[in-house]
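An overview of the molecular structure
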Amino acid sequence: MKSKVKTSEVSPDLQKLLHKEGNPLSIKKDTFLFNEGEPASRLFMVTSGKIQIGKLSPDGKELALRICHAGDIIGEVNLYSEEVKYILHAKVLEDGEVIVLDKAKLEESLLQEKELTIEFMKLMNNSYRRDQTRFRDLVLFGKKGALYSTLIRLSNSYGVKTNQDIYLDISLTNQQLANFCGTTRESVNRLLNELKRNSVISMDKGHITIHDLNFLKSEINCEDCPIVLCTIH
């Protein structure tokens, strides 16, 4: 049983430039790289560890959008624009290291590298589109659809094929799943139990196995978006 290995979307040439222009910073679990409302003057490239990108609702409820791994670039990445503030936050899930990039300095360097500038813009466009599709799922499909959509995205990010089943090679608590769905743990518990009763999924020690992915897709009229947009990464 072979787990999916996430490969970086960032080319070796762009990674080389980012390493050259940035400075390494160690990160510790349960700390924040940045918070909503802070000036967005820096970008970060993850070199190790895991970071969760999310947003807080006015009542303090957390909405998790994606989990970033080595090779991912995070921050408010609309280059060559006026000063902006972070609209999301970045919470460290696992100790590691990031490369800290000064936005103004990176803008100057990219001006000298046309091809890398185009690549960077494409990466940022994909990042925005992923977040937009997550918000779309939450708005259009409600609690049940948000969970089904999250399970589909998890299968694309961490799914391991075992015969006709898909084992999710990541351990998530029901509260963590609830954060990805913008709902309560109790609601997720109820929906997961319903899926288990109908043999759509099974669970063992925090790991989920999906037995009927087509059921989840049909319930939310899945449009079969490109995999690059339908992940939790």
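1. Looking at the packing of aromatic side chains
Throughout the structure, instances matching the rule amount to three aromatic pairs. A network of ring pairs unites the aromatic residues Phe34, Phe44 and Tyr86 as a single cluster.

2. With respect to the nonpolar core
Counting 49 residues, the largest nonpolar core has Leu33, Ile51, Ile74, Leu151, Leu154, Ile210 and Leu216 as its most contacted members. It is helix H3 (residues 114-158) that contributes the most residues to this core, eight residues altogether. Those residues within four positions of Ile210 in sequence are excluded, and the remaining contacts are Leu151, Ser155, Asp165, Ile166, Leu168, Val200, Ile201 and Leu216. Counting residues in each nonpolar core, the second largest holds 15 residues, with Met45, Ile99, Leu101 and Met124 among its members.

3. Examining the state of the cysteines
What the rule picks out here adds up to zero disulfides. Its sulfur unpaired, Cys181 is 13 Å from the next cysteine sulfur, which belongs to Cys230. Among the cysteines around Cys222, which has no disulfide bond, Cys230 carries the closest sulfur, lying 6.0 Å off.

4. Concerning unusual backbone geometry
At Asp30, a residue that is not glycine, the phi angle is positive and equals roughly 75 degrees. Overall, Asp30 belongs to the exposed group, its relative accessible area being 52%. A positive phi angle, near 60 degrees, is found at Asn163, a position not held by glycine. Turning to its location among the elements, Asn163 is positioned in the loop between strand E7 (159-162) and strand E8 (165-168). Classification of Asn163 by relative accessible area gives exposed; the value is 74%.

5. Some remarks on the confidence of the model for the protein chain
For the protein chain, the average pLDDT comes to 87, and 94% of its residues sit at 70 or higher. Averaged pLDDT values for the elements of the protein chain fall to 86 in H3 and rise to 97 in strand E1 (residues 23-27). Note that residues 1-5 has pLDDT below 50 and, in this model, eleven contacts with residues that lie over four places away or in other chains.

6. Some thoughts on the sheet that holds E8
Strand order in this open sheet of four strands is E7-E8-E10-E9, and the pairing throughout is antiparallel. Bordering the open sheet on either side are E7 and strand E9 (201-204), each of which pairs with just one other strand. For this sheet, the mean inter-axis angle between neighbouring strands, taken without regard to orientation, is 25 degrees. Relative to strand E10 (residues 207-210), E9 runs antiparallel, the two being bridged by four bridges. Bridge pairing in E10 links Met203 to Ile208.

7. Remarks on the pattern of salt bridges
Within the structure shown, the criterion is met by five salt bridges. Close ionic contact of Glu36 with Lys55 constitutes a salt bridge, the shortest N to O distance being 3.3 Å. Here the residue Glu36 occupies a position in the loop between strand E2 (32-34) and strand E3 (42-56), and Lys55 occupies one in strand E3, the gap between them amounting to 19 residues. You can call Glu36 partly exposed: its relative accessible area is 28%. The exposure class of Lys55 is partly exposed, given its relative accessible area of 29%.

8. Comments concerning empty space enclosed by the protein
Taken as a whole and assessed by the stated rule, the structure comprises one cavity of 30 Å³ or more. In this structure, the largest cavity encloses a volume near 40 Å³. Taken together, Leu154, Leu168, Ile170, Leu172, Leu177, Gly206 and Ile208 form the lining of the largest cavity. For the lining of the largest cavity, the class distribution of residues is six nonpolar, one polar and no charged.

Rules used in this analysis
Residues numbered from 1 in each chain as written. Predicted model: local features only at pLDDT ≥ 70, side-chain atom pairs only at ≥ 80, totals over all residues. Heavy atoms only, no water. Phe/Tyr/Trp six-rings, centres within 6.5 Å; stacked < 30°, edge-to-face > 60°. Core = buried A, V, L, I, M, F, W, Y, C linked by side-chain atoms within 4.5 Å. Buried < 20%, exposed > 50% of the residue type's maximum accessible area, 1.4 Å probe, protein only. Helix = DSSP H or I, 4+ residues; strand = E, 2+ residues; numbered from the N terminus. Contact = heavy atoms within 4.5 Å. Disulfide = S-S within 2.5 Å. pLDDT = per-residue confidence, 0-100. Pairing = 2+ DSSP bridges. Axes fitted to C-alpha atoms, helices over the stretch in contact; angles between N-to-C directions. Salt bridge = Lys/Arg side-chain N within 4 Å of Asp/Glu carboxyl O. 1 Å grid on protein atoms, 1.4 Å probe; cavity = no way out; pocket = protein on both sides within 12 Å on 5 of 7 lines; lining within 4 Å. Points joined across faces, edges and corners; volume = space filled by probe spheres on them. Nonpolar A, V, L, I, M, F, W, Y, C, P; charged D, E, K, R; others polar.

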